[in-house]
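# Structural description and commentary
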Amino acid sequence: MLTAYSPYKGSLGRYYDWAAGSRPGTLQDWKWAMDRVFEKGIQLDGLEAAVEQVSGDLKDPGKRVNVYLTLPFPDPQSKDFGDFDGDGTVKNLESLDTRKALIRWYVDTMTARFEQQKYKHLRLSGFYWLQKDLDTTVAGEQESVKYASEYLRERGLRLGWTPWFGAREKGNGQRLGFDFSAIQPDHYSDESSTMARVEETADIAYANEAGVEVEFDQRMIDLPRYRQAFYNYLITGVKKQFMNDALIAYYQDVYALYDLYHSEFPAAKQMYKDIYKFAKGTFIAPTGNFAGRVVDGDGNGIAGATLTDRGGTVVTTDVYGKFEIKELYATQNAFVVEKPGMQGREVKVDIRDRQTVYRDIALQNAGEGPDKAVPDYAITLPSKLATMDIGAVWSPGIIDRNDIAQKRAEAVFTSSDPGVIEVLPEGKIRSVQAGTAVLRAQVGPFEAESVAVEVAPWTSHRLKGTEAPLQINKGFDSPVLRDPLQGGTQYVVKEGSTVKIAHKYNSGNDLWMVFDHAGANKLYGMKEWRLSPNVNKDASPDLARSSVMLWPDVSDWVGPYIVGANQNGNGNGQDFTGGNHNYDGGENSSATGRTVQYNVWVDGKEPKDGKVISGKKVKVEVVNRIQGFNTKEQDGSGREILQETVTYEVEGGKVQVHTEIQPLEDITLYRYYGLQSVNGAWNHEIRYYAGETEVARGEAGKYSDSGMKSEHPDVDKYWLSSAVQDGSQHQLLVSLDRHYGLGQLQYLADDQPVAFTQAYGKSYFLQVFNKSAVLKKGAKVAWRGQYHFFSTPVQERTIKLLSNFGNGYAVPEEEASYQWEVIGDAAQKVSESGSRIRIKGVKEGTATIKAIITYNGKPQTLESTVQVGDNRQVDTSELQQLLDEAKMLLQQTGNEYRKEKGHLAEASIHIMRKLKQEGFTQANVDEATAQLKEAIAIFKKATQTTAP
């Protein structure tokens with residue numbers, strides 16, 4: 001777990017006030033990170049499965065790998081961290097002793113959870129300090145590290161660190177208390193840096209007995225700068241000897257190694273092999289040569305001139321001024337060129353693997369001014385990417401870098417390999433076949449700096465983003481689950497008991513949320529949701545203008561109770577009281593609950609009646625008294641047996657709800673939902689989630705549930721969507737804090753769902769059922785959750801045209817032209833810009849996206865079909881059964897079939913990754929099911945295995 005923030009926006013590292021939307025980390029953020037490590041099927045569980053497969057392939061059943069768990073940064077800026085040790089107090093991390101206690105609690109908790117998993121192939125070896133620098137000016141920060149390392153050593157564990165290059169203490173890991181550290185050069189991410197950054201890091205690491213981090217991601221497949229940066233790490237590992245003599249950490253984003261292995265480009269596969277060789281200590285750094293002359297202003301060779309590289313190696317020119325330097329590392333090399341009596345200069349040259357780069361280096365006489373500047377000729381190409389399509393014709397040019405006007409000079413061109421690139425009589429060049437050739441140019445008495453040009457077929461084209469229908473069907477990566485949309489400025493008015501809260505909802509409307517007395521018991525709470533037209537960027541303060549009802553009060557949102565008094569009951573059978581439930585459901589029936597008091601604050605101040613004010617947070621606190629099923633009376637004289645205090649905090653469409661329940665006598669709570677919703681305006685689809693993982697979905701107007709608690713114990717939210725209305729969809733995300741109070745579900749039986757939806761149009765969290773809660777007088781229980789009301793536009797999709805050469809490099813978008821066309825009336829173009837088009841679904845059906853890319857005068861045409869508005873409910877049951885079958889086959893089949901097992905495991909991973917990327921539509925699920933079914937059939941045939 002290396003993420004910097006949790007979904008709750010708290011920082012897991014040091015909090016910086018310039019990080020928009022973040023805050024110092026709290027217990028909620030830490031617990032999210034802790035739980036994520038132990039999610040089934042991924043993280044440690046996935047690593048265990050991977051090592052299991054590898055151990056079989058290597059015939060090493062006892063194989064184990066070391067695991068280091070992340071230790072978030074105990075930030076003294078977190079003054080209301082939370083109650084991590086259960087003593088009832090919210091901790092302030094300004095105290096060093098509290099930070100030490102937090103570290104100890106975290107280590108103990110994570111170690112215990114790790115041990116409970118009883119992993120066969122994973123060994124917990126220590127923890128990784130997440131914060132990538134250490135500020136010795138912050139009191140106690142160094143002491144926190146020292147305490148963590150000492151406590152871990154007591155437990156036989158170690159503490160590691162990977163400081164970034166800008167950390168002032170990056171070389172002091174051991175002296176600070178870390179057991180080991182690997183310094184990040186940050187060369188890969190810093191485009192202004194060169195290989196010298198990696199070399200400097202290696203020198204610092206060597207001097208301080210630290211390691212080095214090797215960094216890369218998928219960009220090195222198609223962008224030359226990142227590919228060279230990647231090889232700069234490997235080359236430096238050979239040059240500075242840390243490949244074999246130091247600790248090496250690797251950063252590969254998420255899928256880089258996987259994508260390299262599966263890439264269609266030979267260069268990408270070679271990079272995968274080179275990483276493997278580097279890890280094994282057998283990588284041989286690529287090298288090339290540099291040759292040419294040192295000359296004077298007239299192009300005459302200078303004998304005895306010297307070229308000195310940064311390592312101090314000196315090469316001297318011969319009597320003709322010639323030099324040749326072989327076996328230079330294939331990266332940028334720099335030389336200081338000098339001759340007594342002449343002005344020295346530094347030259348930089350990009351060496352290519354197995355190629356010789358040529359140039360004449362002209363020196364100016366000492367004392368001569370800029371008006372006597374010597375020429376510095378270089379070849380220019382019509383593209384910034386030195387890659388040609390087979391058969392392409394280019395017109396290279398020559399410029400003098402010392403000429404302010406940059407006039408093109410006449411030259412005679414030659415190619416080092418005419419079989420790859422030939423020079424035409426008129427001076428143009430034509431690519432003949434795949435390969436690399438060095439293009440040279442003679443400008444009068446001077447040879448210009450040559451350039452290596454690669455020839456590769458321009459044949460790889462694809463439209464990315466057209467595989468999935470244009471609909472919201474990818475909840476697992478929806479930004480709403482991770483980063484809830486913000487509603488901006490709120491305007492509030494209180495008129496008697498009515499409180500109206502407005503925020504900007506979508507491009508055409510504000511949403512007004514109205515609080516008032518509502519329901520059969522006239523309890524105070526959320527009553528109405530109204531839309532008021534507004535096309536401006538911000539919400540309107542005019543709360544007297546017209547509006548339309550989005551949804552009115554028809555039922556309760558904070559749930560009723562099946563609760564009874566333990567003594568002196570009247571013998572009535574179990575029934576709901578409180579919420580929207582009166583004595584018997586009749587229109588004039590007596591109430592079973594009443595609001596004792598309510599208070600409203602806007603940013604901590606009580607609003608004046610009738611005055612519209614703006615505010616960031618509106619807080620509504622409601623105190624209700626509730627009767628029991630065996631204390632209610634038809635004449636309204638029933639006895640109240642509990643008091644509930646419901647606190648709403650409204651901010652930009654998000655409503656945080658906290659409910660505290662205080663028994664007024666000894667009671668038993670038999671069934672309780674607490675957090676629930678009325679699905680009228682959000683009645684199209686419901687999806688159930690555990691974190692960001694979708695576990696079930698259904699139609700909002702039919703019964704559905706999240707699965708039994710025993711099956712999906714971590715369900716913490718459900719997401720309701722409306723059908724498309726006026727170009728948008730109404731969305732409601734309902735979340736229960738599963739780490740707090742009744743939300744921990746200690747009173748919910750395992751054979752009950754955590755959340756469910758009834759056909760009459762309501763959804764519920766089930767907090768108490770089949771495990772009754774016996775509560776003593778005065779003993780309080782509580783829960784908290786959140787409603788989030790927001791709107792999304794009609795589903796749109798950005799489609800990008802990806803175009804690559806056979807060497808993997810992408811066509812420079814700015815050098816190509818693009819034409820887009822949407823064919824058919826199911827979709828429309830929203831906008832287009834270069835290699836991208838944005839389309840939206842208009843009606844159910846299919847549309848064709850046609851794209852034409854023209855590069856160097858050569859056009860390529862692509863077409864792809866887009867499915868719009870597939871409203872079928874996605875059935876993944878068969879796919880899940882096949883995944884379970886594949887997993888069982890892999891576990892039960894002997895290691896003599898390790899090759900076949902590897903193929904099946906690889907197929908399963910590829911199929912599911914593609915499905916997640918393209919979306920869980922029925923068409924995509926059907927395709928994935930067919931592919932997995934075929935892979936299992938092939939496996940069974942190869943191993944002669946019957947179904948388990």
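Because the structure is predicted, anything quoted here is derived from the model rather than measured. Counting from 1, residues in each chain are numbered in the order their sequence is written. For this predicted model, a pLDDT threshold of at least 70 governs which residues receive local features, and a threshold of 80 or more governs which side-chain atom pairs are given and counted, while totals over whole chains, interfaces and linings are taken from all residues. Values reported for side chains reflect all heavy atoms of the structure, with hydrogen atoms and water molecules removed beforehand.

Moving on: unusual backbone geometry. Phi angles above zero are rare outside glycine, and E209 is one such case at about 55°. Tracing the sequence through the fold places E209 in the loop between α6 (195–207) and β7 (211–215). For K522, which is not glycine, the phi dihedral falls at a positive 55°. Comment: elements are numbered from the N terminus, with helices defined as DSSP H or I runs of at least four residues and strands as E runs of at least two. With respect to the helices and strands, K522 occurs in the loop between β31 (509–518) and β32 (523–533).

For strand β38 (residues 640–651), the tally of buried residues reaches 10 of 12 residues, placing the bulk of the element in the interior. Pairing between strands is defined by DSSP: at least two bridges between the two strands are required. Across 10 bridges, β38 lies against strand β39 (residues 654–663) in antiparallel orientation. Its bridge partner lying in β39, V650 is registered against V655. The buried label goes to any residue with under 20% of its type's maximum accessible area, the exposed label to any with over 50%, and the partly exposed label to all in between, with areas taken from a 1.4 Å probe on protein chains only.

Attention shifts here to helix α4 (residues 141–154). The length a helix should cover is 1.5 Å for every residue beyond the first. Taking 1.5 Å per residue, 14 residues should reach 20 Å; α4 reaches 20 Å between its end C-alpha atoms and fits that length. Those residues of α4 that fall on the buried side of the exposure criterion are E141, S144, V145, Y147, A148, S149, Y151 and L152. Residue contacts follow a heavy-atom distance rule, with two residues in contact if any of their heavy atoms lie within 4.5 Å. Tucked into the core, α4 has its buried residues touching β3 (65–71), α3 (96–117), β4 (122–129), β5 (158–161) and α5 (173–176).

Attention shifts here to the pattern of salt bridges. Salt bridges are defined as contacts in which a side-chain nitrogen from Lys or Arg sits within 4 Å of a carboxyl oxygen from Asp or Glu. For the structure on display, the rule yields 50 salt bridges. A salt bridge links E660 to K780; the shortest N-O distance between them is 3.5 Å. Here E660, found in strand β39, pairs with K780, found in the loop between β50 (768–775) and β51 (781–793); they are 120 residues apart in sequence, far enough to count as distant. Of the charged contacts, one joins E813 and K800 as a salt bridge, the two residues approaching to 3.4 Å between their closest N and O atoms. A residue pair is termed long-range when its members are at least 10 positions apart, and E813 in the loop between β52 (796–804) and β53 (817–823) and K800 in strand β52 qualify at 13 residues. Residues participating in the shared-partner salt-bridge network are R345, R359, D376, R401 and E449.

What counts as an axis is a line fitted to C-alpha atoms, over the stretch in contact for a helix, and the angles between N-to-C directions run from 0 to 180 degrees. The N-to-C vectors of α3 and α4 enclose an angle of 35°; their axes lie 10 Å apart at closest approach. Regarding α3 and α4, the two cross each other, and that crossing is right-handed. Within the contact between the two elements, α3 uses L96, R99, K100, I103, R104, V107 and D108 and α4 uses E141, E143, S144, Y147, A148, Y151 and L152. Considering only residue class, the contact of α3 with α4 consists of 7 nonpolar, 1 polar and 6 charged. Here a crossing is taken to be left-handed if its near helix is turned anticlockwise relative to the far helix by less than a right angle, and right-handed if that turn runs clockwise. Polar here means any residue outside two lists: the nonpolar Ala, Val, Leu, Ile, Met, Phe, Trp, Tyr, Cys and Pro, and the charged Asp, Glu, Lys and Arg; Gly therefore counts as polar.

As a further point, take the confidence of the model for the protein chain. The predicted coordinates ought not to be read in detail in places where the model reports low pLDDT. A residue's pLDDT is the predictor's confidence in that residue, given on a scale from 0 to 100. When pLDDT is averaged along the protein chain, the result is 89, and 94% of the positions lie at 70 or above. Looking over the protein chain, one finds the lowest element-wise mean pLDDT in helix α11 (residues 479–482), namely 47, and the highest in strand β37 (residues 618–627), namely 98. For residues 468–480, every residue scores under 50 in pLDDT, and the model assigns this stretch 60 contacts once sequence neighbours within four places are set aside.

With that settled, the discussion passes to the packing of aromatic side chains. Any two of the Phe, Tyr and Trp rings considered here, Trp counted by its six-membered ring, make a pair once their centres fall within 6.5 Å; the pair's planes then place it as stacked at under 30 degrees, edge-to-face at over 60, or tilted in between. A full pass over the atoms with the stated rule returns 45 aromatic pairs. Ring geometry for W557 versus W682: centroids 6.0 Å apart, planes at 90°, classification edge-to-face. Of this pair, W557 sits in the loop between β33 (548–551) and β34 (561–565) while W682 is found in the loop between β41 (676–678) and β42 (685–690), placing the two residues 125 residues apart along the sequence. The same class applies to W557 as to W682, namely buried. Taken together, W30, F81, F84, W105, Y106 and F127 form an aromatic cluster joined through their ring pairs.

A separate point is the nonpolar core. One recurring pattern in soluble globular proteins is that nonpolar side chains are buried together. The criterion is simple. A nonpolar core is a set of buried Ala, Val, Leu, Ile, Met, Phe, Trp, Tyr and Cys residues joined through side-chain atoms within 4.5 Å. Of all hydrophobic cores here, the largest spans 69 residues; its most connected members are F515, M526, Y648, Y787 and F789. It is β38 that contributes the most residues to this core, 5 residues altogether. Apart from the residues within four sequence positions on either side, F789 is in contact with H503, Y505, L511, M513, M526, W529, W557, G653, V655, W682, Q731 and L732.

This part is about the sheet that holds strand β44 (residues 704–705). Pairing in this open sheet of 4 strands is antiparallel, and the strands run β41-β49-β48-β44 from one edge to the other. Two strands bound the open sheet, and with one partner strand each, they are β41 and β44. Bridge count between strand β48 (residues 755–758) and strand β49 (residues 762–765): 4 bridges; the pairing is antiparallel. What sits directly across from F756, in β49, is Y764.

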